[in-house]
Amino acid sequence: MTSIIKLQTFSGAYDDSLCLAYLLQVDEFHFLLDCGWREDLNMKHINELKKYIGQIDAVLLTYPDLYHLGSLPYLVGKCGLSCPIYATVPVYKMGQMFMYDFFQSHHNTEDFDLFTLDDVDAAFDKIIQLKYSQTMSLRGKGHGLQITPIPGGHMIGGTIWKIVKEGEEEIVYAVDYNHKKERHLNGCMLETIGRPHVLITDAFNAKYVQARRRARDEQLMTNILTTMRNDGNVMIAVDTAGRVLELAHLLDQMWRTAESGLSVYSLALLNNVSYNVVEFAKSQVEWMSDKIMKSFEDKRNNPFQFRHVQLCHSLAELNRVPEPKVVLASVPDLQCGFSKELFLQWCSNTKNSIILTSRSSPGTLTRNLIDNPSKKKVDIQVNHRVKLSGDELEEYLQRKHEKKEKERLAAKLREREQEQESSDESETEMEEEIGYSGEAKHDLMVQGQDRSKQGFFKQTKKTYPMFPFVEEKIRCDEYGEYIKHEDFRFDDVGEEEKMETETETETEKPNKKEEEKTEIPTRCVSVTKTFDILAHVHFIDFEGRSDGESIRKILGNIRPRELILVHGNPESTEALASYCRSQAGMIQGAVHTPKVNEIVDVTKESHIYQVKLRDSVVSRVPFTKTHGMEMGWIDAMVDFIKFKPDTFDEQKDKNKNQAAEGINFTSLLHLSHALRCVLLF
């Protein structure tokens, strides 16, 4: 390898955190691999990541959930991230649904101000959508680099990223993949990649033993049947637009079969964007499994044209669904959203069942219930909105009225300034063209009237008398000439028309009053309560990740030269690392297990240095064109300058101050020797 390759971890390395964020350096180009966020919105790794925002040249997204792109709206909207973002089409669409639902789930119960829906739209507008196996060649600093998305399973549009330096290194970033075929997705294609130079993969399930799919399906069906027959309700905690598709497809198939006996019960999907999620899923059949593709091509059967799943967007809509019922509610960690609200309502009833489908980060309610299945009492912080009343309401309305008045006055001032500008421009143009001034003695310009303003030289241009003329400047907008509605109004209005307008205004008044009543302001209240868990709580694994045995087999088939293990707790990371080291010939180089905020250097060549040349030096180097590149040779004596090893590159201003003879180097050595190098542009 002749390139400088380094990886810095911000989150998801040698810890229990599920959110991922890594900075990969290939020579001078920096990739941000995922930008997830924890469920509790911890700012620790975000504050560290903000220091490198200016260095990031591209972002690669693997999956559409919170753990892989949750902080993207914040980084774009609040931190100024402006580089290109690459993702597959489903990750783009479903990721938007994830962030809309995540924002609304927090906004419904608390004052959420980390980012807005406008920030979500701005972030996803920057995404460049790719298809599987579509190679994208980067430009500018990334000249010579190519990125290719490969199917990763787990969620629709899930991606394994392959980064290739032309004729040299091949770097593979594969996390949370699933090699098994599922009902709506094919398995990953990681085994098709042969011996990459660097493999960055996770050790999350390295010590996890997964039950077979048939056993999990049977467990889910028996739990639903027993609860339904006891007149209880079932709440299944799922995500917004990822794994929920697999479960919704499975349950709809169960309800369709007459032998199951489930068709008499209700089935609902509850989240803030349930309709849009299903509509997007219908339009993305080509990203799904071969079985679904074949049935769609032959019989035009769309698996997400649900017959029994009722789409709900609020608890009021869900209350109209007859009981007993099964509800797929977001979010899976029970920290916010409809799943938390339903849990608080249903957990104290012995007839109900709560089914958890994925492990969340430590400290969340879901993880607490999974780790302590016998727990019968839980302290939960309950957030809800309360309508303002009394002095608080009057204060709020007064502030709102003052704000509206300020906005109205500001709008009036803006209109007046625009009118004055247009009139001033027309007057100045007239005065410049005609030479007319307000102090003239006559209406007509007479020869010799303004002799005092003549200069030293004699003017040959003659002035002739003419009437003053002011040319009105036509104001235009994007549709043409600006139209004033007052110019086209009729003063003579019939009595019948007046009566009609009066009746219309009278009918509009109560509607406005009703709107004002419905828009009563609220404030957020937080209370910690103790809840008795009398309902049946079960954890059934529908995460869709490869288990430990499969991960070891896949690594044995790929046999990467360098292995970097991320996204796993210390026990699972060390277990997988020791296994890889013990297998002879499995890993040619080293197995790296970095911790958070550590930098892993997998550069093979020992005498590779980054050189920055001034324009004055580059202009003196003779270049020759070859194979689409310009190549030059320089022979010089240089000094190596010692830099701090905890950052990728020093800032530009430091480089300028530390330059010697127009040449600047980054190295950890302090020595001098003769340098002979080839420059490629």
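Quick caveat, the model's predicted, so the values are computed rather than measured.

Colleague: I'm lost on the nonpolar core in this one. Help?
Modeller: A general trend in soluble globular proteins is that nonpolar side chains are found buried together. Grouped together as the largest cluster of nonpolar side chains are 42 residues, with contacts concentrated most on Leu 220, Ile 224, Ile 236, Leu 251, Trp 255 and Val 326. Elements supplying a minimum of two residues to this core: helix H4 (89-107), helix H6 (213-229), strand E12 (234-238), helix H7 (244-256), strand E13 (266-270), helix H8 (274-282) and strand E15 (325-330). Tallying contributions element by element places H7 first for this core, with 8 residues. Discounting chain neighbours no more than four positions away, the residues touching Leu 251 are Leu 220, Ile 224, Ile 236, Leu 267, Val 326 and Leu 328.

Colleague: Can you walk me through the environment of Val 566 in this structure?
Modeller: On the secondary structure map, Val 566 appears in strand E22 (residues 562-566). The class of Val 566 is buried, set by a relative accessible area of 0%. Sequence spacing of Val 566 and His 592 is 26 residues, and the spatial spacing of their C-alpha atoms is 8.9 Å. Other than its neighbours up to four places away in sequence, Val 566 contacts Leu 7, Thr 9, Gly 12, Tyr 22, Val 175, Ile 200, Thr 201, Asp 202, Ala 203 and Pro 594.

Colleague: Would you take a moment to explain the sheet that holds E15 for this structure?
Modeller: Strands belonging to one sheet form pairs held by backbone hydrogen bonds; the direction of such a pair is parallel or antiparallel. Taken together, 6 strands build an open sheet; the order of strands is E14-E13-E15-E12-E16-E21 and the sheet is parallel. Two strands close off the open sheet at either side, each with one partner strand: strand E14 (309-312) and strand E21 (536-539). Ignoring which end each strand starts from, the neighbouring axes of this sheet average 20 degrees apart. Pairing of E12 with strand E16 (residues 353-356), which is carried by 4 bridges, proceeds in the parallel orientation. Bridge pairing in E16 places Met 235 opposite Ile 354. Sitting on the sheet, H6 touches E12, E15, E16 and E21, and the angle it makes with E12 is about 145 degrees.

Colleague: Sorry, what's going on with the packing of aromatic side chains here?
Modeller: Taken as a whole and judged by the stated rule, the model has 12 aromatic pairs. Centroid distance Phe 102 to Phe 112: 6.2 Å. Interplanar angle 90 degrees. Geometry classified as edge-to-face. Of the two residues, Phe 102 sits in helix H4 while Phe 112 sits in the loop between H4 and helix H5 (117-125), which places them 10 residues apart along the sequence. A residue is classified by how much of its surface remains accessible, and Phe 102, at 7% relative accessible area, is buried. On the accessibility criterion, Phe 112 (11% relative accessible area) is buried.

Colleague: Would you mind showing me how to read the sheet that holds E22 here?
Modeller: Spatially, the 7 strands line up as an open sheet ordered E7-E8-E9-E10-E11-E22-E23, and their pairing is mixed. On the outer flanks of this sheet lie strand E7 (136-137) and strand E23 (591-592), each paired with one strand and no other. When strand E10 (residues 170-174) meets strand E11 (residues 198-202), the two strands line up parallel, connected through 4 bridges. Following the sheet pairing, Ile 171 is matched in E11 by Val 198. The sheet contacts of helix H16 (residues 570-582) involve E11, E22 and E23, and relative to E22 the element is tilted by about 165 degrees.

Colleague: In this structure, what is going on with H4? I would like to understand it.
Modeller: Between the first and last C-alpha of H4 there are 27 Å, a value that for 19 residues agrees with the 27 Å anticipated at 1.5 Å per step. Of all 19 residues in H4, 15 are buried, a share of seventy percent or more.

Colleague: Can you help me understand the confidence of the model for the protein chain in this one?
Modeller: The predicted coordinates ought not to be read in detail in places where the model reports low pLDDT. Residue-level pLDDT values for the protein chain average 83, and 80% of them are 70 or greater. In the predicted structure, residues 503-518 sits below a pLDDT of 50 and forms 0 contacts with residues beyond four places in sequence or in another chain. Under a pLDDT of 50 for its full length, residues 643-681 has, in the predicted model, 103 contacts with residues more than four places off or in other chains.

Colleague: How should I be thinking about the pattern of salt bridges in this particular structure?
Modeller: Enumeration according to the criterion identifies 19 salt bridges in this entry. A salt bridge links Arg 545 to Glu 543; the nearest nitrogen and oxygen atoms lie 3.3 Å apart. For the pair shown, Arg 545 and Glu 543 are each scored as buried. Notably, a salt bridge pairs Lys 553 with Glu 549, separated by 3.6 Å at the nearest N-O pair. With Lys 553 and Glu 549 both in helix H15 (residues 548-558) and 4 residues apart, the pair spans about one turn of that helix. Taking the relative accessible area as the measure of exposure, Glu 549 reaches 46% and is therefore partly exposed. Through salt bridges that share partners, Asp 176, Arg 359, Glu 543 and Arg 545 make up one connected network.

Colleague: For this particular structure, what's the right way to read the packing of H6 against H7?
Modeller: A packed helix pair is summarised by two numbers, namely the angle formed by the two axes and the spacing between the axes. In the contact formed by H6 and H7, the axes pass within 12 Å of each other and the chain directions differ by 60 degrees. Taken together, the axes of H6 and H7 lie oblique to each other. In this structure, H6 meets H7 at a crossing whose hand is right-handed. The residues of H7 that touch H6, namely those facing Asp 217, Leu 220, Met 221 and Ile 224, are Leu 247, Leu 250, Leu 251, Met 254 and Trp 255. Residues of the contact of H6 with H7, tallied by class, amount to 8 nonpolar, no polar and 1 charged.

Colleague: What is the right way to read the side chain of Thr 62 from this model?
Modeller: Checked against the element boundaries, Thr 62 lands in the loop between strand E4 (58-60) and helix H2 (66-69). Only 2.9 Å separates the side chain of Thr 62 from the side chain of Asp 34, close enough to count as a polar contact. Discounting residues that sit within four places of it in the chain, Thr 62 has contacts with Asp 34, His 68, Val 91, Gly 157, Gly 158, Thr 159, Trp 161, Tyr 173 and Val 175.

Cut-off values and rules
Residues numbered from 1 in each chain as written. Predicted model: local features only at pLDDT ≥ 70, side-chain atom pairs only at ≥ 80, totals over all residues. Heavy atoms only, no water. Core = buried A, V, L, I, M, F, W, Y, C linked by side-chain atoms within 4.5 Å. Buried < 20%, exposed > 50% of the residue type's maximum accessible area, 1.4 Å probe, protein only. Helix = DSSP H or I, 4+ residues; strand = E, 2+ residues; numbered from the N terminus. Contact = heavy atoms within 4.5 Å. Pairing = 2+ DSSP bridges. Axes fitted to C-alpha atoms, helices over the stretch in contact; angles between N-to-C directions. Phe/Tyr/Trp six-rings, centres within 6.5 Å; stacked < 30°, edge-to-face > 60°. Expected span 1.5 Å × (residues − 1). pLDDT = per-residue confidence, 0-100. Salt bridge = Lys/Arg side-chain N within 4 Å of Asp/Glu carboxyl O. Parallel < 35°, antiparallel > 145°, perpendicular 65-115°, else oblique. Left-handed = near helix turned anticlockwise from the far one by under 90°. Nonpolar A, V, L, I, M, F, W, Y, C, P; charged D, E, K, R; others polar. Polar contact = N/O pair within 3.5 Å; in protein donor to acceptor, adjacent residues only side chain to side chain.

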